Amino acid sequence: MNTPTAPPDPSAVPAPAGPLHGLRVLDLATLFAGPLAATMLGDFGAEVVKIEHPRRPDPSRGHGPAKDGVGLWWKLLGRNKRTMTLDLSGPGGREVLLRLAAGADVVVENFRPGTLERWGLGWEELSAANPRLVLARVTGFGQFGPYAHRPGFGTLAEAMSGFAAVTGEPDGPPTLPPFGLADSIAALATAYAVMTALSGRERTGRGQVVDLAIIEPILTVLGPQPLWYDQLGYVQPRTGNRSRNNAPRNTYRTSDGHWVAVSTSAQSVAERVMRLVGRPELTEEPWFAAGTTRAEHADELDEAVGHWIARRTREEAVSAFEKAEAAIAPIQDVRDVLEDPQYRALDTVTEVADPELGPLRMQNVLFRLSETPGSIRWAGRPHGADTEEILTELGLSPSRIAALRAEGAL
């Protein structure tokens with residue numbers, strides 16, 4: 001068992017080289033899209049302060065497995081953030097947040113619409129404190145409309161958007177992902193929206209509100225389904241691992257009990273696959289000339305590819321496909337991912353020193369920049385670890401901090 005030591009002092013960490021260094025972000029959000037967007041900004045140098053309720057920490061601290069009583073999900077989601085406690089619903093918390101917002105560039109929140117306004121912390125008050133502020137509001141259904149005040153989670157977005165309807169086997173039920181797919185897509189969209197708003201600020205000199213509904217970005221990544229329905233009345237059905245756009249496209253079992261995935265989105269790749277598996281005559285069929293017509297013959301194509309793969313080990317199948325310049329990948333679980341040579345070469349899963357738990361392996365920053373790279377400076381920190389330091393930096397005296405703590409604001 002690791003013995004927790006004193007957490008690192010973020011102020012002692014050398015100034016990051018990230019391109020967002022100097023950008024100040026207040027993360028008021030919980031579970032998971034808003035906080036993950038703030039994490040992405042922090043990964044590239046933004047100075048992120050995570051604000052949590054004094055008595056109700058971010059629920060991600062208790063989500064999923066823990067080690068020595070420390071939630072591991074939080075270590076990922078809370079990285080590169082200083083943490084402080086603040087009860088925004090009271091006068092003391094309101095006063096402190098407005099002072100923090102006056103010196104910030106971005107506030108990320110995901111309260112139900114009207115909550116910040118009820119506390120006297122709506123856009124009117126925040127923008128009065130700082131006209132250059134960008135307020136990112138991340139909610140299940142957006143700030144207006146008939147569902148705006150409903151509780152919203154990523155699962156509901158995965159259901160409402162059409163994702164679940166097209167996921168699963170044709171004769172099976174709609175299928176939800178076993179992870180926060182809609183939240184993660186919304187986080188990417190939020191980070192992009194924030195940077196877009198900040199770019200606009202460079203021209204106008206003023207901040208603005210980002211209204212992001214979690215039900216929307218996932219609909220975008222589902223592709224042209226609304227367009228297909230609008231123009232053709234076509235509703236995409238569940239097709240399992242197959243595609244209506246090309247074939248062969250499926251998962252296939254190898255002789256040693258593993259699984260591989262094959263894709264033939266490109267016509268040339270489809271032809272290489274059929275030559276490799278010993279069925280070159282199929283490439284001469286008129287229907288083979290387009291992905292959609294190949295998909296109509298998926299049974300025949302799957303049988304040819306599946307029969308060939310079933311007689312070879314995973315290593316043999318992958319090697320043969322690579323030599324043929326055909327697209328294949330092993331179906332990997334997390335154990336395989338951590339040993340995969342390509343992920344290792346990219347340092348996609350990197351090691352982070354942590355005083356509570358020791359060395360941690362977690363996903364690295366999203367992309368590599370040649371001149372101003374991002375970095376993981378520290379993993380998620382304890383609840384409220386930096387409260388005193390942040391308030392002192394804000395100019396509050398020890399007596400004022402003590403008074404705020406006494407009234408329950410901290």
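All values reported here derive from a predicted model rather than from experimental measurement.

Calculation notes
- Residues numbered from 1 in each chain as written.
- Predicted model: local features only at pLDDT ≥ 70, side-chain atom pairs only at ≥ 80, totals over all residues.
- Heavy atoms only, no water.
- Pairing = 2+ DSSP bridges.
- Helix = DSSP H or I, 4+ residues; strand = E, 2+ residues; numbered from the N terminus.
- Axes fitted to C-alpha atoms, helices over the stretch in contact; angles between N-to-C directions.
- Contact = heavy atoms within 4.5 Å.
- Parallel < 35°, antiparallel > 145°, perpendicular 65-115°, else oblique.
- Left-handed = near helix turned anticlockwise from the far one by under 90°.
- Nonpolar A, V, L, I, M, F, W, Y, C, P; charged D, E, K, R; others polar.

Undergrad: What exactly am I supposed to notice about the sheet that holds strand S10 (residues 259-262) here?
TA: Two strands in a sheet stick together by hydrogen bonds in their backbones, pointing the same way (parallel) or opposite ways (antiparallel). Pairing is antiparallel in the open sheet, where 3 strands are placed in the order S9-S10-S11. The open sheet terminates on both sides in strands that have one partner only, identified here as strand S9 (250-253) and strand S11 (328-330). On average, adjacent strands in this sheet sit at an angle of 30° to one another, irrespective of strand direction. Here S9 pairs with S10 via 4 bridges, running antiparallel. Paired with tyrosine 252 across the strands is valine 260, a residue of S10. Running at roughly 35° to S9, helix H12 (residues 298-310) makes contact with S9 and S10 of the sheet. Its contacts with the sheet place helix H13 (residues 314-323) against S10 and S11, and it is angled at close to 155° to S11.

Undergrad: What is the right way to read the packing of helix H1 (residues 33-43) against helix H7 (residues 181-204) from this model?
TA: How two helices sit against one another is set out by the angle between their axes and by the gap between those axes. Two elements in contact, H1 and H7, have axes whose closest approach is 8 Å; the angle formed by their N-to-C orientations is 50°. Relative to H7, the element H1 is oriented oblique. Viewed along their axes, H1 and H7 form a crossing whose handedness is right-handed. Contacts between H1 and H7 involve Ala33, Leu36, Ala37, Met40 and Leu41 from the first element and Asp183, Ser184, Ala186, Ala187, Leu188, Thr190, Ala191, Val194 and Met195 from the second. Its residues assigned to classes, the contact of H1 with H7 shows 11 nonpolar, 2 polar and 1 charged.

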